[in-house]
Amino acid sequence: MALVERPYVLIIGGGKVGFYLAKHLIERDYEVTLVEKNPERAERIEHELGSVIVMIGDGDEMAFLATTGIERAGVVVACTGDDEDNLIACQLAKRKFNVPRTIARVNNPVNVHVFTALGIDAPISATELLMGLIEAELGGSEMVRGVAVKASGAALVDVALPDLSRLIGRKISDIKLPDDALIVCLVRKGQPVIPRPEEIVQAQDELIVYSKSLDVEDVRRSLSA
Amino acid sequence: MARALAGAGHEVTIIDEKVSAFDRLGSEFRGNMVVGTGIDESILRRAGIEEADCFASVTNGDNRNIMAAQVAKVIFKVPRVITRIYDPIREEVYRELGMETVCSTRLIADLMLDYVITGVNRSHPEPAATAAAAASAKAE
């Protein structure tokens, strides 16, 4: 029987995000090492998770990182509460240890763009995600969620149409989108519908748009009233 | 640095999170002062980074300095960007990645080491005793 290697994930930062992420990944049989600089917190995590390896140290320090087995990690996730520390940890992982994929928690949403420009594969802002969800609950405007498609620079954009959208009653083929975007799915009452050109858009439909650029705003603008 | 540059007639803008930090510049300081964090694009823009010829990040946080310098270099394309880094290993790493850095720890260690070995204090060519004698003569 061929041995399938378990993916190795290095998590930097043992706060709430790091802790639950480690727990979740272990349950899914990932190999996980968690790095936490506060010894008391590290001990607590080790006690609670048992099977996780917790290392005490600075996740943005070269000499320490070299002891974590980082060079065989498939993914490094930096999720401390400090954006600059997350950025540096990911840059070191990527450029000095050739880690293929770096994911960073972005505490201040304005830094998402900066992280992308500085080479982080996946900057994730909880605040931004939360704002999108809350906006959806508020209703009124269309809700937009963008999901970056791996490292390709493309995005899947999920647009929930507001009740007064001008697109309701129109054919899919009549909807104008940016050149590099395409409607790939229609979600109606929780069910996926193939967006054939003659399909008529109904109230409360969700459009899933594939966009070759990451400009989610651009897609949103072209679909809004 | 801000005082020396402004004194030499350069246009200087200084960014700090604390307003109280600006007190140290003295009343003669003729540069601009912006309150905020230097890793925030909008703060940098407000400080006029788009017209800057040089950007220096010299907070006491290495990572913060590195991040600010990269924002200046990569996003705003400032022609000359300098970063202060305390940790010598980190400095080496980022120099290899193409950043202009100054490592204060290494500079001071070199100076101290030099004095220990050669007996010459390169940061003050005159012996301290000479300065002390001059000061006490002046006091009398």
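Residues numbered from 1 in each chain as written. Chains lettered and ligands numbered in written order. Predicted model: local features only at pLDDT ≥ 70, side-chain atom pairs only at ≥ 80, totals over all residues.

**A word on the overall build of chain B**
To keep it simple, the criterion reads: Secondary structure follows DSSP: runs of H or I at least 4 residues long count as helices, runs of E at least 2 residues long count as strands, and numbering of each begins at the N terminus. Values of the radius of gyration come from C-alpha atoms, whereas the globule rule sets the reference at 2.2 Å times the count of residues to the power 0.38. Working definition of burial: number of other C-beta atoms within 10 Å of the residue's own, with buried at 20 or more, exposed at 12 or fewer, and partly exposed in between, all C-beta atoms being placed from the backbone. Placing a C-beta atom from the backbone of each residue, one calls two residues in contact when those atoms lie within 7 Å.
Helices and strands together make up the secondary structure of chain B, namely six helices and five strands. Each helix (α) and strand (β) of chain B, taken in turn from the N terminus, gives the series α-β-β-α-β-α-β-α-β-α-α. Over its C-alpha atoms chain B spans a radius of gyration of 19 Å, topping by over 25% the 14 Å that the globule rule assigns to 140 residues. Principal-axis analysis of the C-alpha atoms places the extent of chain B at approximately 55 × 40 × 25 Å. For chain B, buried positions account for 24% of its 140 residues. By sequence separation, contacts in chain B at least 24 residues apart represent 32% of the contacts at least 6 residues apart.

**Description of the overall build of chain A**
Along its length, chain A carries seven helices and eleven strands. The burial tally for chain A puts 31% of its 225 residues in the buried class. Counting only contacts in chain A whose residues sit at least 6 apart along the sequence, the fraction spanning at least 24 positions is 54%.

**Topic: helix H3 (residues 62-75) of chain B**
The α-helix winds at 3.6 residues per turn, so residues separated by three or four positions along the chain end up facing the same way. Formally: Expected helix span is taken as 1.5 Å per residue step, with the number of steps being one fewer than the number of residues.
Along its 14 residues, H3(B) runs 19 Å from first to last C-alpha, staying within 8% of the 20 Å computed at 1.5 Å per residue. Counting buried positions over the 14 residues of H3(B) gives eleven, a clear majority of the element. Buried within H3(B) we find Asp62(B), Asn63(B), Arg64(B), Asn65(B), Ile66(B), Met67(B), Ala68(B), Ala69(B), Gln70(B), Val71(B) and Ala72(B). The elements touched by buried residues of H3(B) are helix H4 (83-97) and helix H5 (111-117) of chain A together with helix H2 (41-46), strand S3 (54-57), strand S4 (80-84) and helix H4 (88-96) of chain B. Just downstream of H3(B) lies Lys77(B), where phi reads positive at about 55°.

**Digging into the pairing of strand S1 (residues 8-12) of chain A**
Working note: regular strand, side chains alternate between the two faces of the sheet. Residues and elements named next belong to chain A. Basically, it comes down to this: A pair of strands is labelled paired if DSSP reports no fewer than 2 bridges between them.
By the criterion of burial, S1 is predominantly enclosed, with four of the five residues buried. The pairing of S1 with strand S2 (residues 31-36) spans five bridges and is classified as parallel. Pairing of Ile12 across the sheet is with Val35, part of S2.

**Notes on the domain arrangement of chain A**
It is common to give the size of an interface as the accessible area lost on bringing the parts into contact. We count it as follows: What fixes the domain bounds is an automatic or database domain assignment.
By domain assignment, chain A separates into domain 1 (8-126) and domain 2 (139-223). Computed over C-alpha atoms, the centres of domain 1 of chain A and domain 2 of chain A are 34 Å apart.

**Side note on the interface of chain B and chain A**
Selection rule: Each residue is assigned to one of three groups, with Ala, Val, Leu, Ile, Met, Phe, Trp, Tyr, Cys and Pro labelled nonpolar, Asp, Glu, Lys and Arg labelled charged, and all others, Gly among them, labelled polar.
If you look at the interface, chain B gives 17 residues, while chain A gives 14 residues. When the residues that make up the side of chain B that touches chain A are grouped by side-chain class, the tally is nine nonpolar, four polar and four charged.

**Here's the deal with the confidence of the model for chain B**
Defined as follows: Confidence of the predictor in every single residue is expressed as pLDDT, which spans 0 to 100.
Per-residue pLDDT for chain B has a mean of 92; in total, 100% of the residues score no lower than 70. Across the whole predicted complex the pTM is 0.75, and at the interface the ipTM reaches 0.82.

**Digging into H4(A)**
All names here are of chain A. Taking 1.5 Å per residue as the helical rise, H4 with its 15 residues ought to reach 21 Å, and the 20 Å between its terminal C-alpha atoms agrees with that figure. H4 sits mainly inside the fold: eleven of its 15 residues count as buried. A positive backbone phi angle near 55° is found at Asn98, which sits one or two residues after H4.

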